[in-house]
Amino acid sequence: MAVCFSHSQLTPITPNSLPLVPRKQCKSFPLINCLLATRPLKNGGSWKWRTRISFFSSLFAKTQDSESLKEELLEAIAALDRGADATLQDQERVEEIARYLEATNKLKEPLKSDLLNGKWELLYTTSKSILKTQRPKLLRPNGKIYQAINVDTLRAQNIETWPFFNQATANLVPLNSRRVAVKFDAFKIAGLIPIKSRGTGRGQLEVTYLDEELRISRGNQGNLFILLMVDPSYKVPL
């Protein structure tokens, strides 16, 4: 798709005016970040698009469908080891694509949808408490991590696999049609040793995108979670 502008939409500015978009930011979305090109003038100034990045961002979001954004998001996180290997630039790119995808979300009341039910595999997160990036790699969760939700019973379960096999179950308290308070009630160490919660494990979770395959959620501490549905029939223990 070509976007054309007349000369009336261009304004000469001096080099000390609005800064150019850094070239290194052009990697993620060239159309959005790099259309602010310059052309030298005889008076030492430059031509620059008067229209700001936000215009192109809005245009991009409207013309991209959710399926192509999902593909782009999955491609962006594929080599990041659930986020443990993500650089700041990687995190910014994932965040940008996730927000575009969230803007296409048609399911405005996910807590009332059966699509939320089942076991989800965690593909990416910014949560350091889950990734445990402060530990040596051999002492981090290296197997798959799951989160299961049943909206009919308002129960949730976090499941680690290799090497720790820890589990946690929680009650969910709806705060609105998208957000729940999470109150952990039991833990299981190594999948065998049960421990009752003392009531200190609490948080909030908001579902910002949901379809049959993919879920995006955000925690109350600003963490991003991207999950893939693996078993819609899974039931969380009561």
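What counts, and at which threshold
- Residues numbered from 1 in each chain as written.
- Predicted model: local features only at pLDDT ≥ 70, side-chain atom pairs only at ≥ 80, totals over all residues.
- Heavy atoms only, no water.
- Phe/Tyr/Trp six-rings, centres within 6.5 Å; stacked < 30°, edge-to-face > 60°.
- Buried < 20%, exposed > 50% of the residue type's maximum accessible area, 1.4 Å probe, protein only.
- Lys NZ or Arg CZ within 6 Å of the ring centre and 35° of its normal.
- Axes fitted to C-alpha atoms, helices over the stretch in contact; angles between N-to-C directions.
- Helix = DSSP H or I, 4+ residues; strand = E, 2+ residues; numbered from the N terminus.
- Parallel < 35°, antiparallel > 145°, perpendicular 65-115°, else oblique.
- Left-handed = near helix turned anticlockwise from the far one by under 90°.
- Contact = heavy atoms within 4.5 Å.
- Nonpolar A, V, L, I, M, F, W, Y, C, P; charged D, E, K, R; others polar.
- Polar contact = N/O pair within 3.5 Å; in protein donor to acceptor, adjacent residues only side chain to side chain.

J.: Is there a simple way to think about the packing of aromatic side chains in this case?
T.: Ring pairs (aromatic) are described by centroid distance and by the angle formed between their planes. Applying the stated criterion to the full structure yields 2 aromatic pairs. With centroids separated by 6.4 Å and ring planes inclined at 80 degrees, the aromatic side chains of Trp 162 and Phe 165 adopt a geometry described as edge-to-face. For Phe 165, a relative accessible area of 38% gives the class partly exposed. Summarising the aromatic geometry, the rings of Phe 184 and Phe 187 are spaced 6.0 Å apart at their centres and angled 25 degrees between planes, so their arrangement reads as stacked. Assessed through its relative accessible area of 22%, Phe 184 is described here as partly exposed. The exposure class of Phe 187 is partly exposed, given its relative accessible area of 30%. Taking NZ or CZ as reference, Lys 119 lies 4.9 Å from the ring centre of Tyr 146, over its face. A cation over an aromatic ring shows up here: Arg 215 above the ring of Trp 120, its NZ or CZ 5.0 Å from the ring centre.

J.: Where do I start with the packing of helix α3 (residues 66-77) against helix α4 (residues 88-103) in this structure?
T.: Angle between the axes and distance between the axes are the two parameters that describe a pair of packed helices. The N-to-C vectors of α3 and α4 enclose an angle of 160 degrees; their axes lie 9 Å apart at closest approach. Between α3 and α4, the angle falls in the class roughly antiparallel. Taken as a pair, α3 and α4 cross one another with a handedness that is left-handed. Contacts from Ser 66, Leu 69, Lys 70, Glu 72, Leu 73, Ala 76 and Ile 77 in α3 reach Arg 93, Val 94, Ile 97, Ala 98, Tyr 100 and Leu 101 in α4. Here the residues of the contact of α3 with α4 sort into 9 nonpolar, 1 polar and 3 charged.

J.: What is the right way to look at the side chain of Arg 218 in this model?
T.: Looking at the element boundaries, Arg 218 is found in strand β11 (residues 214-219). The buried category is assigned to Arg 218, whose relative accessible area is 12%. For Arg 218, the side chain forms a polar contact with the side chain of Glu 95, separated by 3.2 Å. Residues within four places of Arg 218 in sequence aside, it is in contact with Glu 95, Ala 98, Arg 99, Glu 102, Gln 204, Leu 205, Glu 206, Thr 208, Asn 223, Leu 224 and Phe 225.

This is a description of form; function is not addressed.
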